[in-house]
Amino acid sequence: MQNSRLCWICQTNIADTSEHALKKTDIIRVYGKGSYHKLREKQPIHFKNGTQTKLQGANSDVIKNPKDLCKVCNNTLTQPYDRAYDRFIEYIINHNDLILERRFIDFEEIYGKDFPTQQTNLFKYFIKSFGCRIYANPDFKVPTDIIEIIRSDLAYFTTGLKITMSVNKEIINQCGRDILNSPIGKTEMTYSNLPGIQNQFGFNFSEHFGWFFINYFYLTNVNERSGTQWVTDKKVLFIGELEEFNFF
């Protein structure tokens, strides 16, 4: 019998829910609900570690992490973060031509006058996604600054995590400008042991909805071409441009 793990956020309750490695609502936005057998040749394929698996539906186990969060943290504490992300990605979908044209995002256009609070919730969604990605790998521990920001729901914080956002030209060239016609996923995570600091790692990976990329840099150098660094501190965020990527 597999030993139960504690929720990485509260570190008190048993982790009894599994966060999706690929967000369930994003998959539904692209492929719909129900069985994906009906899509026939358009049935989505999941790629991981050289293995291809036909996706049976948006709730398929193949796109879930090992159990990583308790119900309280996943369904109550972090729900405002999920809602902020949903509003954000809906804006990206509905304004994809505008984003490609002007290459910046104005958070006030997405969230209105409440944009300072909501962009902080959005950043916390990305922190949650980052923490779950790290916790899914038994070789690593979720960094303490990441845990504390989520566990204490901090309004003001410092963190080693920097986010940038990018347009990916390779995906546009292959799939066109319609973001809903492009794949969704994560890139391979790279990591390095920081010199002089025992058991402290730097991490880098990206996750993407079509050609729109969110890039994670934790205690690593930020690729300047990937966009302006963001830590909930900008009303307007300029988007970078990438030309290639590797599937997760």
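Chains are numbered independently. Their residues run from 1 in the order of the written sequence. This being a predicted model, a pLDDT of at least 70 is required before a residue's local features are given, and a value of 80 or more before pairs of side-chain atoms are given or counted; all residues contribute to the totals for chains, interfaces and linings. Heavy atoms throughout the structure, all of them, feed into the side-chain values; hydrogens and water do not.

Novice: Looking at this structure, how should I read the overall build of the protein chain?
Specialist: Only DSSP runs of H or I with at least four residues qualify as helices, and only runs of E with at least two residues qualify as strands; both kinds are numbered from the N terminus onward. The helix and strand tally for the protein chain stands at eight helices and ten strands. A globule of 248 residues ought to have a C-alpha radius of gyration of about 18 Å, and the protein chain, at 18 Å, matches this closely. In terms of overall dimensions, the protein chain has a C-alpha envelope of 45 × 45 × 35 Å along the principal axes. A 1.4 Å probe rolled over the protein chains alone gives each residue an accessible area, and that area as a share of the maximum for its type sets the label: buried under 20%, exposed over 50%, partly exposed in between. Within the protein chain, buried positions represent 49% of all 248 residues. Between two residues, a contact is recorded if the distance between any of their heavy atoms is within 4.5 Å. When contacts within the protein chain are restricted to residue pairs at least 6 apart in sequence, long-range pairs at least 24 apart make up 68% of them. Put simply, the protein chain shows about 12800 Å² of open surface, and 48% of that area lies on carbon and sulfur atoms. Charged residues are defined narrowly, with Lys and Arg counted positive, Asp and Glu counted negative, and His plus the chain ends left uncounted. For the purpose of locating charges, the reference atoms are NZ of Lys, CZ of Arg, CG of Asp and CD of Glu. Side-chain charges of the protein chain comprise 30 positive and 28 negative groups, with the mean position of each set lying 5 Å from the other. The size measure is the radius of gyration over C-alpha atoms, and the globule rule it meets is 2.2 Å times the number of residues to the 0.38 power. All accessible-area figures derive from a Shrake-Rupley calculation using a 1.4 Å probe, and residue coverage is judged against the displayed protein chains alone.

Novice: Can you walk me through the nonpolar core in this structure?
Specialist: Within soluble globular proteins, side chains that are nonpolar tend to cluster in buried spots. Nonpolar core, defined: a set of buried Ala, Val, Leu, Ile, Met, Phe, Trp, Tyr and Cys residues in which side-chain atoms within 4.5 Å join the residues together. Core analysis: the biggest nonpolar cluster contains 68 residues, and Trp 8, Phe 88, Phe 107, Phe 126, Met 165 and Phe 212 have the highest contact counts within it. With ten residues, helix H6 (residues 115-135) is the single largest residue contributor to this core. In this structure, Phe 107 is in contact with Phe 88, Gly 112, Phe 115, Gln 119, Leu 122, Trp 230, Lys 234, Lys 235 and Leu 237, ignoring residues within four places of it in sequence.

Novice: Any chance you could explain the environment of Asn 94 here in plain terms?
Specialist: In this fold, Asn 94 is placed in helix H3 (residues 79-94). By relative accessible area, which is 60% here, Asn 94 ends up exposed. Along the primary structure Asn 94 and Ile 179 are separated by 85 residues, whereas in three dimensions their C-alpha atoms are 9.4 Å apart.

Novice: Would you mind going over the pairing of strand S7 (residues 201-209) with me for this structure?
Specialist: The two faces of a sheet get side chains in turn, since along a regular strand they alternate between them. Of all the nine residues making up S7, seven are buried; the element is thus mostly covered by neighbouring parts of the structure. Pairing of strand S6 (residues 190-193) with S7 involves four bridges; the strand directions are antiparallel. Residue pairing in the sheet places Asn 193 in a bridge with Phe 201 of S7. For two strands to count as paired, DSSP must find a minimum of two bridges between them. Hairpin connection, S7 to strand S8 (residues 212-218): the antiparallel pair is bridged by two residues, and Gly 210 has positive phi, about 65 degrees.

Novice: Looking at this model, I keep getting lost on the packing of aromatic side chains. Mind explaining?
Specialist: For any pair of aromatic rings, the description rests on two quantities: the centre-to-centre distance and the angle between the ring planes. Paired rings are identified among Phe, Tyr and Trp, the last through its six-membered ring, by centres lying within 6.5 Å, and are further divided according to the angle between planes into stacked (under 30 degrees), edge-to-face (over 60) and tilted (the rest). Counted under the stated rule, the structure contains 22 aromatic pairs. Ring centres of Tyr 85 and Phe 126 lie 6.2 Å apart, and the angle between their planes is 85 degrees; on these two criteria the pair is classed as edge-to-face. Here the residue Tyr 85 occupies a position in helix H3, and Phe 126 occupies one in helix H6, the gap between them amounting to 41 residues. Both residues of the pair, Tyr 85 and Phe 126, belong to the buried class. Look at Phe 203 and Tyr 218: their rings are 6.5 Å apart centre to centre, the planes differ by 45 degrees, and that puts the pair in the tilted class. Of this pair, Phe 203 sits in strand S7 while Tyr 218 is found in strand S8, placing the two residues 15 residues apart along the sequence. For Tyr 218, a relative accessible area of 4% translates into the label buried. In this scheme, the term charge over a ring applies when either NZ of a lysine or CZ of an arginine sits within 6 Å of the ring centre and within 35 degrees of the ring normal. If you follow Arg 133 out to its NZ or CZ, it ends over the ring of Phe 205, 4.5 Å from the centre.

Novice: In this structure, what is going on with helix H1 (residues 24-31)? I would like to understand it.
Specialist: Residues lying three or four places apart along an α-helix face the same way, a consequence of the helix completing one turn every 3.6 residues. Listed in full, the buried residues belonging to H1 are Asp 26, Ile 27 and Val 30. Taken down its axis, H1 places every buried residue within 100 degrees of arc, on the same side. Contact partners of the buried residues in H1: H3, strand S5 (184-186) and S7. Where H1 ends, the next residue or the one after it, Gly 32, has phi of about 85 degrees, a positive value. Arc definition: directions from the helix axis to the C-beta atoms.

Novice: Help me understand the packing of H6 against helix H7 (residues 144-151), please; the structure alone is not making it clear to me.
Specialist: Think of two packed helices as two axes; the pair is described by the angle between the axes and how far apart they sit. What counts as an axis is a line fitted to C-alpha atoms, over the stretch in contact for a helix, and the angles between N-to-C directions run from 0 to 180 degrees. It is at 10 Å that the axes of H6 and H7 come closest, and there the two elements cross at 130 degrees. Taken together, H6 and H7 sit at an angle that is classed as oblique. Both H6 and H7 take part in a crossing whose hand is left-handed. Residues Lys 124, Ile 127, Lys 128, Phe 130 and Gly 131 of H6 lie in contact with H7, whose contacting residues are Ile 146, Ile 149 and Ile 150. With respect to orientation, any angle under 35 degrees is reported as roughly parallel, any angle over 145 as roughly antiparallel, any angle of 65 to 115 as roughly perpendicular, and every other angle as oblique. By definition, any crossing whose near helix is turned counterclockwise from its far helix by less than a right angle is left-handed, and any crossing with a clockwise turn is right-handed.

Novice: Help me out: how do you make sense of the confidence of the model for the protein chain in this one?
Specialist: Low pLDDT means the predicted coordinates in that region are not meant to be read closely. Mean pLDDT for the protein chain: 89, with 90% of residues reaching 70 or above. Mean pLDDT across the elements of the protein chain bottoms out in strand S1 (residues 45-48) (66) and peaks in helix H5 (residues 107-111) (98). On a scale of 0 to 100, pLDDT captures the predictor's confidence in every residue.

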